[in-house]
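# Coordinates in review
Residue-level listing of the chains:
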Amino acid sequence: MTSNILWEPKNKEQTQLYQFMTSVDCSTYNELYQWSVNHPAQFWEKIWTDNDVIHSQPYHQVVDDPTRMPGATWFDGARLNFAENMLRYRDDNIALSFKGEQQDVESYTTQELYDAVSKVAKTFRQIGLEQGDCVAGVVANSPETIITMLATLSIGAIWSSCSPDFGIEGILSRFSQIKPKLIVTVDAYYYKGQSVDVAQKVKTIVSQLPSVKNTVVISYAGKGIDSFCDADRLIDLSSILETSDVPALKFEQLPFDHPIYILYSSGTTGVPKCIVHGAGGTLLQHLKELKLHCDLKRQDTLFYFTTCGWMMWNWMVSGLAVGATVVLFDGNPFYPTVNALWQWVDDSG
């Protein structure tokens, strides 16, 4: 076994990980790792303070008993909102840059994203969405999906999503467990240059979910609510986003462990099992990974090839909390050529 170093970062002293390491008097990564294991309260408190987590009430203590797993209580007393931390920047920097198979490039500045979330959150409140309700998405990896997700979390409701190419049983095996009050869906999606309609699929799913009160339709393929024909209780997302009035956006202040996401196991050993992720833990873990491990900064661009049915989508979206530009792609990565995805990587920087 060779001991030769295969790769070493240039200017490592300028990385956020190096700066974090030296700020706690560690001279090597192994020392930092061991310090984080031996002093978990100090480690996670520094992640909190270094990232200036937006909160309305401070915590009483970082953790009551770190040796209890599960069962430890973290950042007891703190109140915050996950979406507020995602939307901390409001200027002309690009927050989202999107390209789909058949769509032109679309982008949102941080201010435009904030305004769009404000509009959708107002409508969600008007139709009765409340703290603790579940919103289920059958959605493409597009800006509209992130907008509806952040609007959901701003209210204190919980987000869960599947990719629109999932089958009916695959979606029902997940969403029937969480009893969603609201469904967000695309009208269709693209794959290998073809438009695949999902309206009938979603209508069948909604008919078997008595908890659903409304269906929000994202006009992803230009068909919109017309593709749902005789379905009732439909809301056209485009009409919400096109309004000129931008209402005030209220972020409900919630406990550190208030649930934000429900993800699922693969379903290979039975019905997919719900995995609930809390606001504070998800925020701190993602900030740690994005800043220390990826060295992501505000001037950077982040891309990960994923659908909305995979946890990497949730991870990628947290790049907004850093202020980086999050790049989205939806469709077949090899269409129309095997270089299509790499071309988008080049084009988006």
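Look up a bit, the structure's there.
Reading the values: the criteria
Residues numbered from 1 in each chain as written. Predicted model: local features only at pLDDT ≥ 70, side-chain atom pairs only at ≥ 80, totals over all residues. Heavy atoms only, no water. Helix = DSSP H or I, 4+ residues; strand = E, 2+ residues; numbered from the N terminus. Rg over C-alpha atoms; globule rule 2.2 N^0.38 Å. Buried < 20%, exposed > 50% of the residue type's maximum accessible area, 1.4 Å probe, protein only. Phe/Tyr/Trp six-rings, centres within 6.5 Å; stacked < 30°, edge-to-face > 60°. Pairing = 2+ DSSP bridges. Axes fitted to C-alpha atoms, helices over the stretch in contact; angles between N-to-C directions.

## A few points about the overall build of the protein
Check the secondary structure of the protein and you find 13 helices and 17 strands. Here the C-alpha atoms of the protein give a radius of gyration of 21 Å, agreeing with the 20 Å that 2.2 N^0.38 yields for 349 residues. Seen through its C-alpha atoms, the protein measures out along the principal axes to roughly 65 × 50 × 50 Å. For the protein, with 349 residues in total, the buried portion stands at 49%.

## Overview of the packing of aromatic side chains
Counted according to the given criterion, the structure contains 16 aromatic pairs. With a centroid separation of 6.2 Å and an interplanar angle of 50°, the aromatic rings of Phe 305 and Phe 329 are classed as tilted. Highlighted residues: Phe 305 in the loop between β16 (301-303) and α11 (311-317) and Phe 329 in strand β17 (residues 325-330), separated in sequence by 24 residues. An aromatic cluster of three or more residues is present, and its members are Phe 20, Trp 35, Phe 43 and Trp 44.

## With respect to the sheet that holds β16
Spatially, four strands are ordered β5-β4-β17-β16 in an open sheet, and the strand pairing comes out mixed. Where the open sheet ends on each side, the last strands, each with one partner, are β5 (106-109) and β16. Each strand axis lies, on average, 20° off the axis of its neighbour in the sheet, ignoring direction. The pairing of β16 with β17 spans three bridges and is parallel.

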